[in-house]
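So you can see what is in the structure, the chains are spelled out below.
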Amino acid sequence: MAKDFDRMEDSNRSGNPSIHEVSDPARRVVLRGSGAALLAGLAPAAGWAPAGLSASALAASVALGGCAATGGGAAPPRLGFKSVPAGAADRITVPEGYTATPFLPWGEPVGIAGQMPAFKDDASNSAADQAVQMGMHHDGVHFFPLEGSPAHGLLVMNHEYADDGLLHVGGMSDWSAEKVRKSQAAHGVSVTEVRLEGSRWHAVRPSRYARRFTASTPFAIGGPAAGHPMMRTATDPEGRRALGTLNNCASSLTPWGTYLSGEENFHGYFATADQPTAHERRWGLRKSGFGYRWHEHDERFDAVRHPNEPNRFGWVVEIDPYDPTSTPVKRTALGRAAHEGAWVAVTQDGRAVVYSGEDARFEYIYRFVSRDKIKPGGFRANAELLDHGQLYVARFDAGGRGRWMPMVAGQGPLIGFPNQGEVVIKARQASDLLGATKMDRPEWLAIDKATRWVYCTLTNNSSRGQGSNPAPDAANPRAQNSFGHIIRWREEGDYDGELFEWNHLVLAGDPANERAEAKGNIKGDLFACPDGITFDPLGGLWVQTDMGPAAMNKGELARIGNNQMLACDLATGEFRRFLVGPVNCEITGAAFTPDSRTVFVNIQHPGETPSERSDPREPRRFSNWPDFKPDGRPRSATVVIRKDDGGVIGS
Ligand code: FEO
Ligand code: CA
Ligand code: CA
């Protein structure tokens, strides 16, 4: 989500100290991949694999979640493509020798037998239709191989939010329960079966795996908040079963073969009283939210009548796409946040370490270390793995050092928290008390399992150092940070180490800018607002951008062009532009097949208006990508990118 709504993402008024010190961006490390180290790290229990996934395919597919793996220790050819120039056209541009093909746009049926309504370009599909079609606003995406194949698998992706101006006939006029249900059905997660035939990917429809999770799907609640009084509602007096997931942003694969998805800006869907409570204010809730108006026809989203309902969102959710009958779970032990997503590393002794960030101004970065080891047997064998363990929040100190601070009810500054359930539900308040570092909107993370460096994009924070807001500090060194930066850290010893070293991979910017703090230190092609970040199966690092439509191609960002995807050579620090998207879209999510010969990239909200809600009288005002029908409307979609010679992406 680009979020010029992000002006609504500044809820942190705690007084944690800032460090008035600019870090040394020249510090760099040279990273080396090691396939052996990767596989050893990912397969602590030899011989295990989730259903439908061979051990070798599992290792390869898990690599998509972020790890460098170079067979035999030799570095693969990197940046083997010609840079794509920045541009502002309403099309996809990829390097010579590559083809990008739109795939599975919003409204295509996911393939549930007997329920495959065709997309209607006049927005007249019903809510029931939308509930079995691809949602809007494609975001995080992953490929789950079937029977270990790089050419046949499940494409699982998030549908972050909905543009009600495009979604309904007449947009939000004549607002009704049916329109609310359709909007809710356009959110969530989709599972589609896909197969490569020749050089083209096709959706397999019908498929027994095809599935939609929406803002109404039942979810189990796991971890310390399950059953907590703050989680109980009129429809769920036990506080153990929530309806729906929403604003699902980034995603990742777990080493045991499941999908993790972050519930990001959940606060925008609820309506509060004129004067929100202190707890509601700290979580950004307010009277009219983002204007979704769901509360007018679905009282669950009326926080005056149901004040605990918002506490049931803001979690990382876990889905097993291989079992179409499985119940998805909200993993509360990982803490509540405007979660971009969550990413798993494995300690030497086989425990899961889950990193997550909170994409909101001046919020925090978290780490969870599981109590138990990963077991063979996929989702069922690890059904409670993420429910038991220790949650930490990060403090980045000057001098490139940092500390993970445990978040334990009743201990230290958290003396006033009576139980761990309240700590995780009020993770922001607990982090305020612990003096965690207020970051410039942490988005995606990527884990280099060969070197244990963990990368995090900090997309931007134009409020840094402005007025009474926190000043620049070591980790967030620029006032009015309109370009964003990428930070990385590595714990002492293993992923569960208390102390870590850190530095910046890059401060994005443009040397032509007059403002010193907007020049950055990019080597290679310019970009702004890093958001998606992932390692491909061969150890290549990829970065995607999300400049909001109000800022794109204007002001300080004028020379950057449309949102884009770049590769980074970690040995030299060079960034090279690989893809430029259509007008006013966001580039987000990159799912590489295990052989790295296909990458699925999501194009979110082509043609989005600066208000982020289209005028239904003018749905094609900026774009009609990807169909380019004269009377068609823009549709979020995946693009399938292949090298014309069938080679490895990026080579
Ligand atoms: Fe949904 Fe933070 O991007
Ligand atoms: Ca973003
Ligand atoms: Ca994002």
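Not measured: the values here are computed from a predicted model. Numbers given to residues run from 1 along each chain, matching the order in which its sequence is written. Both sets of labels track the order of writing: A upward for chains, 1 upward for ligands. Local features in this predicted model are restricted to residues of pLDDT 70 or higher, and side-chain atom pairs are both shown and tallied only at a pLDDT of 80 or more, whereas totals for entire chains, interfaces and linings draw on every residue. As a convention, hydrogens and water are excluded, and side-chain values are obtained from all of the structure's heavy atoms.

**Digging into the coordination of the calcium ion (ligand 3)**
Argument step 1. Note that water is not among the atoms used; donors are N, O and S atoms within 2.8 Å of the metal (3.2 Å for Na, K and Ca), so sites may look incomplete. At this site the calcium ion (ligand 3) is bound by Glu 340 (OE), Glu 443 (OE), Asp 531 (OD) and Asp 531 (OD), with donor distances of 2.3 to 2.8 Å.
Argument step 2. Between the calcium ion (ligand 3) and the calcium ion (ligand 2) the interatomic distance comes to 3.6 Å, and Glu 443 is a ligand of both metals. One end of the pair, Glu 340, is in strand 13 (residues 339-346); the other, Asp 531, is in strand 25 (residues 530-535), and 191 residues separate them in sequence. Assigned by exposure class, Glu 340 and Asp 531 land together as buried. Note on conventions: DSSP H or I runs of at least 4 residues are helices, E runs of at least 2 residues are strands, and numbering of each starts at the N terminus. We call a residue buried when its accessible area falls under 20% of the maximum for its residue type, exposed when it is over 50%, and partly exposed in between, using a 1.4 Å probe and counting protein chains only.

**Details of the layout of surface pockets**
Argument step 1. Both cavities and pockets are sets of points on a 1 Å grid over the protein atoms alone; in a cavity a 1.4 Å probe fits but cannot get out, in a pocket the set is open with protein on both sides within 12 Å along at least five of seven lines, and lining residues sit with an atom within 4 Å of a point. Grid points are joined across faces, edges and corners, and a volume is the space filled by probe spheres set on the points. Its boundaries defined by the atoms lining it, the largest pocket holds a volume of some 370 Å³.
Argument step 2. What lines the largest pocket is a set of 20 residues, and nearest its centre among them are Thr 101, Pro 102, Arg 200, Trp 201 and Val 640.
Argument step 3. Think of it as three bins: nonpolar holds Ala, Val, Leu, Ile, Met, Phe, Trp, Tyr, Cys and Pro, charged holds Asp, Glu, Lys and Arg, and polar takes everything else, Gly as well. Considered class by class, the residues forming the lining of the largest pocket number 8 nonpolar, 5 polar and 7 charged.

**Concerning empty space enclosed by the protein**
Argument step 1. For the coordinates displayed, the defined rule picks out 4 cavities of 30 Å³ or more.
Argument step 2. Around the largest cavity, the lining residues are Trp 106, Met 136, His 137, Leu 166, His 605, Pro 606, Pro 634, Arg 635 and Ser 636.

**Some details on the packing of aromatic side chains**
Centre distance and the angle of the planes are the two values used to describe a pair of aromatic rings.
Argument step 1. For Phe, Tyr and Trp, where Trp contributes only its six-membered ring, two rings pair if their centres lie within 6.5 Å, and the inter-plane angle classes them as stacked under 30 degrees, edge-to-face over 60, or tilted in between. What the rule picks out here adds up to 32 aromatic pairs.
Argument step 2. Aromatic side chains Tyr 98 and Phe 578 sit 5.1 Å apart centroid to centroid with 85° between the ring planes, which places their arrangement in the edge-to-face category. Linking Tyr 98 in strand 1 (residues 98-103) with Phe 578 in strand 28 (residues 574-580), this pair joins segments that are 480 residues apart in sequence. As far as the burial class goes, Tyr 98 and Phe 578 line up, both buried.
Argument step 3. Look at NZ for Lys and CZ for Arg. If either is within 6 Å of the ring centre and within 35 degrees of the ring normal, a charge sits over the ring. The ring of Trp 453 has Arg 488 lying over it, and the distance from NZ or CZ to the ring centre is 5.6 Å.

**Brief notes about the pattern of salt bridges**
Argument step 1. A pair is scored as a salt bridge if a Lys or Arg side-chain nitrogen falls within 4 Å of a carboxyl oxygen belonging to Asp or Glu. Inspection of every chain in the model, using the stated rule, returns 36 salt bridges.
Argument step 2. The residue Glu 96 makes a salt bridge to Lys 82 at a minimum N-O spacing of 3.2 Å. On the criterion of sequence distance, the pair formed by Glu 96 in the loop between helix 2 (55-62) and strand 1 and Lys 82 in the loop between helix 2 and strand 1 is long-range, its members being 14 residues apart.
Argument step 3. Residue Glu 96 is classed as exposed on the basis of its relative accessible area of 62%.
Argument step 4. Relative accessible area serves as the criterion here: at 56%, Lys 82 is assigned to the exposed category.
Argument step 5. What emerges from the salt-bridge pattern is a single network uniting Arg 282, Glu 358, Glu 363, Arg 428 and Asp 432.

**Topic: the nonpolar core**
Argument step 1. Tyr 355, Phe 396, Tyr 455, Ile 487, Trp 489, Leu 505 and Phe 575 are the most contacted members of the largest nonpolar core, which has 51 residues in total.
Argument step 2. In terms of residue count, the dominant contributor to this core is strand 21 (residues 453-458) (5 residues).
Argument step 3. Put simply, a nonpolar core is a bunch of buried Ala, Val, Leu, Ile, Met, Phe, Trp, Tyr and Cys residues held in one set by side-chain atoms that sit within 4.5 Å of each other. If you look at the next biggest cluster of nonpolar residues, it comprises 37 residues, including Met 231, Ala 352, Leu 386 and Phe 417.

**Re the sheet that holds strand 26 (residues 541-545)**
Argument step 1. If you trace the 5 strands from one edge of the open sheet to the other, you get 24-28-27-26-25, paired in mixed fashion. Both edges of this open sheet fall to strand 24 (523-524) and strand 25, since each of them pairs with a single strand only.
Argument step 2. The criterion for strand pairing is that DSSP finds at least two bridges linking the strands in question. With 6 bridges joining them, strand 27 (residues 564-569) and strand 28 adopt antiparallel strand pairing. Bridging from a neighbouring strand, Leu 566 pairs with Arg 577 of strand 28.

**Side note on the environment of Phe 379**
Argument step 1. One can find Phe 379 in helix 7 (residues 378-381).
Argument step 2. Given the relative accessible area of 12%, Phe 379 is considered buried.
Argument step 3. C-alpha separation for the pair Phe 379 and Thr 254, spaced 125 residues apart in sequence, amounts to 9.5 Å.
Argument step 4. Contacts are assigned to residue pairs that have any heavy atoms within 4.5 Å of one another. Apart from the residues lying within four places of it in its own chain, the contact partners of Phe 379 are Trp 256, Thr 258, Glu 318, Asp 320, Ser 326, Thr 327, Val 329 and Arg 331.

**A word on the environment of Trp 542**
Argument step 1. Mapping Trp 542 onto the fold places it in strand 26.
Argument step 2. Considering only alpha carbons, one finds Trp 542 and Leu 566, 24 residues apart in sequence, at a separation of 5.7 Å.
Argument step 3. Not counting residues within four places of it along the chain, the set of residues in contact with Trp 542 comprises Phe 81, Gly 532, Ile 533, Thr 534, Asp 536, Met 565, Leu 566, Ala 567, Phe 578, Phe 592, Ile 649 and Gly 650.
Argument step 4. A 3.5 Å cut-off defines polar contacts: any pair of N or O atoms within that distance qualifies, except that in protein one atom must be a possible hydrogen donor and the other a possible acceptor, and neighbouring residues in sequence count only when both atoms are side-chain atoms. Of the polar contacts made by the side chain of Trp 542, one reaches the side chain of Asp 536; its length is 2.8 Å.

**Quick word on the confidence of the model for the chain**
Argument step 1. Predicted confidence across the chain gives a mean pLDDT of 90, with 88% of residues reaching 70 or more.
Argument step 2. The pLDDT value tells you how sure the predictor is about a given residue, anywhere from 0 up to 100. Taken together, the stretch residues 4-8 has pLDDT below 50 and engages in 15 contacts with residues farther than four places along the chain or on a different chain.
Argument step 3. Confidence drops under a pLDDT of 50 for residues 17-74, and excluding neighbours within four residues, the segment shows 147 contacts in the predicted structure.

**A short note on unusual backbone geometry**
Argument step 1. Omega for the bond connecting Arg 205 with Pro 206 falls within 30 degrees of zero, at 0°, which places this linkage in the cis form.
Argument step 2. On the secondary structure map, Pro 206 appears in the loop between strand 5 (200-204) and strand 6 (211-213).
Argument step 3. Omega for the peptide link from Trp 625 to Pro 626 comes to 5°, which places this bond in the cis form.
Argument step 4. Although it is not a glycine, Glu 147 sits at a positive phi angle of roughly 50°.
Argument step 5. Within the fold, Glu 147 resides in the loop between strand 2 (138-145) and strand 3 (152-159).
Argument step 6. Non-glycine residue His 605 carries a positive phi angle of around 45°.
Argument step 7. Within the fold, His 605 resides in the loop between strand 30 (598-604) and strand 31 (637-643).

**Here's the deal with the sheet that holds strand 7 (residues 218-222)**
Argument step 1. Ordered in space as 8-7-12-11-10-9, the 6 strands form an open sheet in which the pairing is mixed. Looking at strand neighbours, the two that pair on one side only are strand 8 (241-243) and strand 9 (248-253), the edges of this open sheet. Going across the sheet, the axis of each strand differs from the next one's by a mean of 35°, ignoring polarity. Axes here refer to lines fitted to C-alpha atoms; in helices the fit is confined to the stretch in contact. Angles between the N-to-C directions go from 0 to 180 degrees.

**Things to note about the side chain of Thr 598**
Argument step 1. With respect to the helices and strands, Thr 598 occurs in strand 30.
Argument step 2. Using a relative accessible area of 1% as the deciding quantity, one classes Thr 598 as buried.
Argument step 3. Ignoring any residue separated from it by four or fewer positions in sequence, one finds Thr 598 in contact with Trp 201, Ala 591, Phe 592, Thr 593, Val 640, Ile 641, Arg 642 and Ile 649.

**Side note on helix 5 (residues 177-185)**
Given 3.6 residues per turn, any residue in an α-helix points the same way as the ones three and four places further on.
Argument step 1. Of all the positions in helix 5, only Lys 179, Val 180, Lys 182, Ser 183, Gln 184 and Ala 185 are classed as buried.
Argument step 2. Buried residues along helix 5 sit in contact with helix 3 (127-130), helix 4 (164-167) and strand 6.

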